[in-house]
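Chain by chain, the residues:
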Amino acid sequence: MSLTVVTGSASGIGAATRAALLEEGKEVVGVDLRDADITADLSTREGRRGAVDAVLQRCGGTLDGLVLCAGLGPHVDDAERIVAVNYFGTIAMLDGLFPALRKGDDAAAVVVSSVSSTHITWDDNPLASVIESGDEAGVGPALEVGGEYKGQFAYAGSKNALTVAVRRRVAEWGAAGVRLNTVAPGSVETPLLSQGMADARYGQAIREFVAPIPRHAKPEEVATLISYLLSPKAGFVHGSQLVIDGGVDALLRPTRF
Ligand code: NAI
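Residues numbered from 1 in each chain as written. Predicted model: local features only at pLDDT ≥ 70, side-chain atom pairs only at ≥ 80, totals over all residues. Heavy atoms only, no water.

(A) Quick look at the side chain of Ser117. Structurally, Ser117 can be placed in the loop between β5 (108-112) and α4 (128-133). Polar contacts involving the side chain of Ser117 include one to the main-chain carbonyl oxygen of Ser114, which spans 2.7 Å. Not counting chain neighbours up to four residues away, the residues in contact with Ser117 comprise Ala156, Lys159, Asn160, Thr163 and Gln241. (Helix = DSSP H or I, 4+ residues; strand = E, 2+ residues; numbered from the N terminus. Polar contact = N/O pair within 3.5 Å; in protein donor to acceptor, adjacent residues only side chain to side chain. Contact = heavy atoms within 4.5 Å.)

Take a look at the structure:
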């Protein structure tokens with residue numbers, strides 16, 4: 001039976017993806033802080049190492065699918081933790097499980113980025129030099145530029161870096177026969193969004209912004225896209241970022257794509 005690992009499986013998009021894959025008859029191993037097959041804290045080096053080891057033990061070194069959803073929103077007060085989970089936690093799982101995916105059957109991975117990844121460019125990303133050097137300790141000083149809005153810098157910066165990291169792996173992963181893509185959701189009805197809407201700094205802007213399709217996505221709609229990207233139907237889709245945002249990106253950046 002096909003085996004897929006889903007991080008952030010206890011809530012929101014990860015939980016919906018887990019449910020969709022189970023419905024398709026796949027075996028799913030969830031990774032999260034709680035309520036998961038493997039409990040791990042992806043904000044720490046030890047937690048990431050433990051999660052990779054536990055997955056490898058569980059899957060016997062061979063994996064068919066990987067979905068990296070675990071993440072924190074911009075409202076979280078500890079901005080360094082946002083980067084630790086969203087970027088470093090995701091990349092540790094991606095690279096740590098690549099050898100297992102290489103051995104998998106028509107394997108594919110999907111990283112959940114965000115439309116926020118397009119709100120800055122790599123050239124303007126305050127995290128770029130820290131990430132190039134792999135120096136996680138440099139994240140705090142790099143985020144100082146964000147002042148009161150450090151969380152937004154951490155969020156957009158980490159999501160921009162994730163999309164860049166996926167695109168940079170496209171040659172090696174393609175040659176290994178493992179497809180790798182990102183999805184970039186706009187607002188999705190999950191606890192992360194509810195917490196953002198209740199936040200004193202970001203809440204009003206999130207609540208008042210209306211997408212061309214005037215509602216938030218359901219987590220199940222994002223799960224459907226992820227399931228497609230994992231499937232052989234997406235056999236030539238590789239290194240792509242599929243936006244699922246009710247038209248927001250096209251509205252804000254009609255001439256850039
Ligand atoms: P959520 O809050 O419902 O789920 C996130 C999951 O990640 C939770 O189960 C949480 O326990 C887990 N997690 C957080 N920190 C962790 C850690 N240190 N170690 C292990 N697991 C950890 O949020 P949602 O909305 O489902 O988010 C999933 C992904 O989608 C995130 O990467 C988020 O940035 C992204 N996203 C969400 C959007 C939205 O509007 N909800 C929009 C664009 C992207």
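(B) Layout of the packing of helix α1 (residues 12-23) against helix α10 (residues 219-230). The N-to-C vectors of α1 and α10 enclose an angle of 55°; their axes lie 8 Å apart at closest approach. Viewed along their axes, α1 and α10 adopt a mutual orientation that is oblique. In this structure, α1 crosses over α10, and the sense of that crossing is right-handed. Taken together, the residues of α10 that come into contact with α1 (itself represented by Gly12, Ile13, Ala16, Thr17, Ala20 and Leu21) are Pro219, Glu220, Val222, Ala223, Ile226, Ser227 and Leu230. For the contact of α1 with α10, the per-class residue count stands at 9 nonpolar, 3 polar and 1 charged. (Axes fitted to C-alpha atoms, helices over the stretch in contact; angles between N-to-C directions. Parallel < 35°, antiparallel > 145°, perpendicular 65-115°, else oblique. Left-handed = near helix turned anticlockwise from the far one by under 90°. Nonpolar A, V, L, I, M, F, W, Y, C, P; charged D, E, K, R; others polar.)

(C) Representation of the nonpolar core within the structure. Formed by 50 residues in total, the largest nonpolar core has its most connected members in Val55, Leu63, Tyr87, Met93 and Leu94. Top contributing element to this core by residue count: helix α3 (residues 79-102), with 12 residues. Excluding residues that lie within four positions of it along the chain, Met93 makes contacts with Thr7, Val31, Leu42, Arg48, Ala51, Val52, Val55, Leu66 and Leu68. (Core = buried A, V, L, I, M, F, W, Y, C linked by side-chain atoms within 4.5 Å. Buried < 20%, exposed > 50% of the residue type's maximum accessible area, 1.4 Å probe, protein only.)

(D) The arrangement of the site of the ligand in detail. Near the ligand, the surroundings consist of 29 residues, among which Ser11, Ile13, Asp32, Tyr155 and Thr190 are the closest. Between the ligand and Val188, the relevant distance is 2.8 Å, taken from an oxygen atom to a main-chain nitrogen or oxygen of the residue. Alone, the ligand offers 830 Å² of accessible surface; in the complex the protein occludes 94% of this. Of all the secondary-structure elements, those providing two or more residues to the shell around the ligand are α1, α3, α6 (150-168) and α8 (191-197). The residue makeup of the shell around the ligand, split by class, is 15 nonpolar, 10 polar and 4 charged. (Near = heavy atom within 4 Å. Areas by Shrake-Rupley, 256 points an atom, 1.4 Å probe, with all protein chains shown as cover.)

(E) Structural detail: a nonpolar patch on the surface. Among the surface-exposed residues, Val145, Tyr149 and Phe153 lie close enough to one another that they form a single nonpolar patch of about 270 Å² accessible area. Mapping Val145 onto the fold places it in the loop between α5 (139-143) and α6. For Val145, a relative accessible area of 57% gives the class exposed. (Patch = residues over 30% accessible without salt bridge, like charges linked within 9 Å, V, L, I, M, F, W, Y side chains within 5 Å. Salt bridge = Lys/Arg side-chain N within 4 Å of Asp/Glu carboxyl O.)

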